[in-house]
Amino acid sequence: MAAQSPHDLRQKKCLPCEGGVAPYSNDEARAQLKQLEGWRLVHSGERIRKEWTVKNFMAGLKFFNECARVAEEDGHHPDLHIEGYRNVAVELWTHAIGGLSENDFILAAKIDALPIDLK
Ligand SMILES: C[C@H](O)[C@H](O)[C@H]1CNC2=NC(N)=NC(=O)C2=N1
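Residues numbered from 1 in each chain as written. Predicted model: local features only at pLDDT ≥ 70, side-chain atom pairs only at ≥ 80, totals over all residues.

As annotated in an unreviewed UniProt entry, the protein chain is 4a-hydroxytetrahydrobiopterin dehydratase from Lacipirellula parvula. Turning to the protein chain, the UniProt record has this under Sequence similarities (unreviewed entry): "Belongs to the pterin-4-alpha-carbinolamine dehydratase family." (UniProt positions renumbered as here; feature names shortened; annotations may be inferred.)

Engineer: Would you mind going over the site of the ligand with me for this structure?
Structural biologist: As a matter of local geometry, the ligand sits amid Pro-16, Cys-17, Glu-18, Gly-75, His-76, His-77, Thr-94, His-95 and Ala-96. Of the residues assigned to the shell around the ligand, the class counts are 3 nonpolar, 5 polar and 1 charged. (Near = placed C-beta within 6 Å. Nonpolar A, V, L, I, M, F, W, Y, C, P; charged D, E, K, R; others polar.)

Engineer: Any chance you could explain the sheet that holds strand β4 (residues 87-92) here in plain terms?
Structural biologist: Two orientations exist for strands paired in a sheet by backbone hydrogen bonds: parallel and antiparallel. Strand order in the open sheet made by the 4 strands is β1-β2-β4-β3, with antiparallel pairing throughout. Among the strands making up the open sheet, the edge pair consists of β1 (40-42) and β3 (79-83). Adjacent strand axes in the sheet meet at a mean angle of 30° when their direction is disregarded. By the bridge criterion, 6 bridges tie strand β2 (residues 47-53) to β4 in an arrangement that is antiparallel. When the bridges of β4 are listed, Thr-53 appears paired with Asn-87. (Pairing = 2+ DSSP bridges. Helix = DSSP H or I, 4+ residues; strand = E, 2+ residues; numbered from the N terminus. Axes fitted to C-alpha atoms, helices over the stretch in contact; angles between N-to-C directions.)

Engineer: Quick question: what am I supposed to make of unusual backbone geometry here?
Structural biologist: Keep in mind that most residues, glycine aside, have a negative phi and that most peptide bonds are trans. For Ser-44, which is not glycine, the phi dihedral falls at a positive 55°. Tracing the sequence through the fold places Ser-44 in the loop between β1 and β2. Positive phi outside glycine occurs at Tyr-85, with the angle close to 65°. Inspection of the secondary structure assignment puts Tyr-85 in the loop between β3 and β4. The exposure class assigned to Tyr-85 is exposed, which follows from the 11 C-beta atoms found within 10 Å. (Buried ≥ 20, exposed ≤ 12 C-beta atoms within 10 Å, placed from the backbone.)

Here it is in structure tokens:
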């Protein structure tokens, strides 16, 4: 699988996934991750996760709102976490296959382009 740039990924749209395809292997996922800043494999390589410390609680919620907007546009949805009022994290995985698909990397690249008010 050829690695892509964040720009390439952002030109794509998530495809509906109803299962029936194999999730990325750890090697495939690691190859894709090289193109993204700050994301790492978690849950034994079944998910990717990125964490940020934002300025305040509302900055976190505004960021989540933007994540929700791109997620709805693409029909692919992140797990959104906020802890300690300004530590935000996004986890991406494709529920239908219990692991990672290209959709997760497309959404990660789009989330990386969102405005975020960091600490
Ligand atoms: C048909 C449509 O693609 C599915 O219902 C979508 C909705 N959003 C989703 N989001 C994520 N993260 N994984 C899924 O498997 C998923 N399924």
